Amino acid sequence: MPDRTMNAISTTEPFAQGGEGGPDREGWPRVLLVEDDGKIAQEVADELESRGFAVRHVQTGPAGLAAALAETFDVMIVDRMLPEMDGLTLIETLRGRQVSSPVLVLSALSAVDDRVSGLKAGGDDYLTKPFAMEELAARLEALMRRPNNTRETMLHVGPLSMDLIERTVTRDGQEIDLLPREFRLLEYLMRRPNQVLTRTMLLEDVWHYRFVPQTNLVDVHIGKLRRKIDEAGAVPLIQSIRGTGFMLRVAE
């Protein structure tokens, strides 16, 4: 599927897909989309519906609050800048009312402080506009795989520590400078320590490929990551498994 980015012109009419007035999609994961830009909302809903989600769309913070309190959703997408009640206030209010559905925050604000405030308000993930539809769908799927009431901000595996909010990594307290793709790759490894991870798994889950091309992409990025993580003299953590893939090996 082509990689599409969303940064569209606004329209005004809300709609329902899989909610009240929409077609019956019993058993589909239910998404509450709180987005005042009708054009973006429609295109997001169309994409998610094609992937088997049922989407309920509202345009304002108060409407999002009413919908989330009246119904149960598997995941919510909340735009940060909403009329009548901003997105962060909406999320804080929902958390105060014990609504625990995972929330993906959408925003044009991309500074670290903006991401931190979104997560501290009760968001579970933060995606900046414009965004790729493939990434939006992948993040929703990842949020729904998490156990309920689990909002991790730090990962600790062996000598490695990863701050998911500040997007920093340290080994034995020494900070390691990683590029965004290297960070995502290491996060995937750290969530699955001592597991053999095939190249196909990495291509599908880190790069979001829906097919397996003939490429050395994974090997190249693993090599770059290994040179940063496993410096000379350090116990090697990223190991190659002959004929299969890779493993982040740490002491149990």
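Heads up: the structure comes first, above all this text.
Basis of the calculations
- Residues numbered from 1 in each chain as written.
- Predicted model: local features only at pLDDT ≥ 70, side-chain atom pairs only at ≥ 80, totals over all residues.
- Heavy atoms only, no water.
- Phe/Tyr/Trp six-rings, centres within 6.5 Å; stacked < 30°, edge-to-face > 60°.
- Lys NZ or Arg CZ within 6 Å of the ring centre and 35° of its normal.
- Helix = DSSP H or I, 4+ residues; strand = E, 2+ residues; numbered from the N terminus.
- Polar contact = N/O pair within 3.5 Å; in protein donor to acceptor, adjacent residues only side chain to side chain.
- Buried < 20%, exposed > 50% of the residue type's maximum accessible area, 1.4 Å probe, protein only.
- Contact = heavy atoms within 4.5 Å.
- Expected span 1.5 Å × (residues − 1).
- Core = buried A, V, L, I, M, F, W, Y, C linked by side-chain atoms within 4.5 Å.

Another aspect to go through is the packing of aromatic side chains. The final tally for this structure, using the stated rule, is zero aromatic pairs. We note Arg192 situated over the ring of Tyr188; from NZ or CZ to the ring centre the distance is 3.7 Å.

The next point concerns the side chain of His57. With respect to the helices and strands, the residue His57 is situated in strand E3 (residues 54-58). One polar contact links the side chain of His57 to the main-chain carbonyl oxygen of Glu35, over a distance of 2.7 Å.

Moving on, we get to unusual backbone geometry. Here the bond from Lys129 into Pro130 is cis, since omega is -10°, no more than 30 degrees from zero. Although it is not a glycine, Asp172 adopts a positive phi angle of roughly 50°. By the element assignment, Asp172 lies in the loop between strand E10 (168-171) and strand E11 (174-176). Given the relative accessible area of 60%, Asp172 is considered exposed. Residue Asn194 is not a glycine yet carries a positive backbone phi of 60°.

The topology assignment puts Leu185 in helix H6 (residues 180-190). Residue Leu185 is classed as buried on the basis of its relative accessible area of 0%. Along the primary structure Leu185 and Asp205 are separated by 20 residues, whereas in three dimensions their C-alpha atoms are 9.2 Å apart. Beyond its immediate stretch of four places on either side in the chain, Leu185 contacts Leu202, Val206, Trp207, His221, Ile222 and Leu225.

With that settled, consider helix H8 (residues 217-229). Here H8 spans 18 Å end to end across 13 residues, near enough to the 18 Å set by a 1.5 Å rise per residue. Taken together, the buried positions of H8 are Val218, His221, Ile222, Gly223, Leu225 and Ile229.

Membership of the largest hydrophobic core comes to 28 residues, with the highest contact counts inside it found for Met162, Leu186, Met190, Leu202, Leu225, Ile229 and Leu248. Of all the elements in the fold, those that place two or more residues in this core are strand E8 (154-157), strand E9 (160-163), H6, helix H7 (199-205), H8 and strand E14 (245-248). Top element by residues in this core is H6. It accounts for six residues. When residues no more than four places from it in sequence are discounted, the contact partners of Leu225 are Leu178, Glu182, Leu185, Leu186, Leu189 and Ile238.

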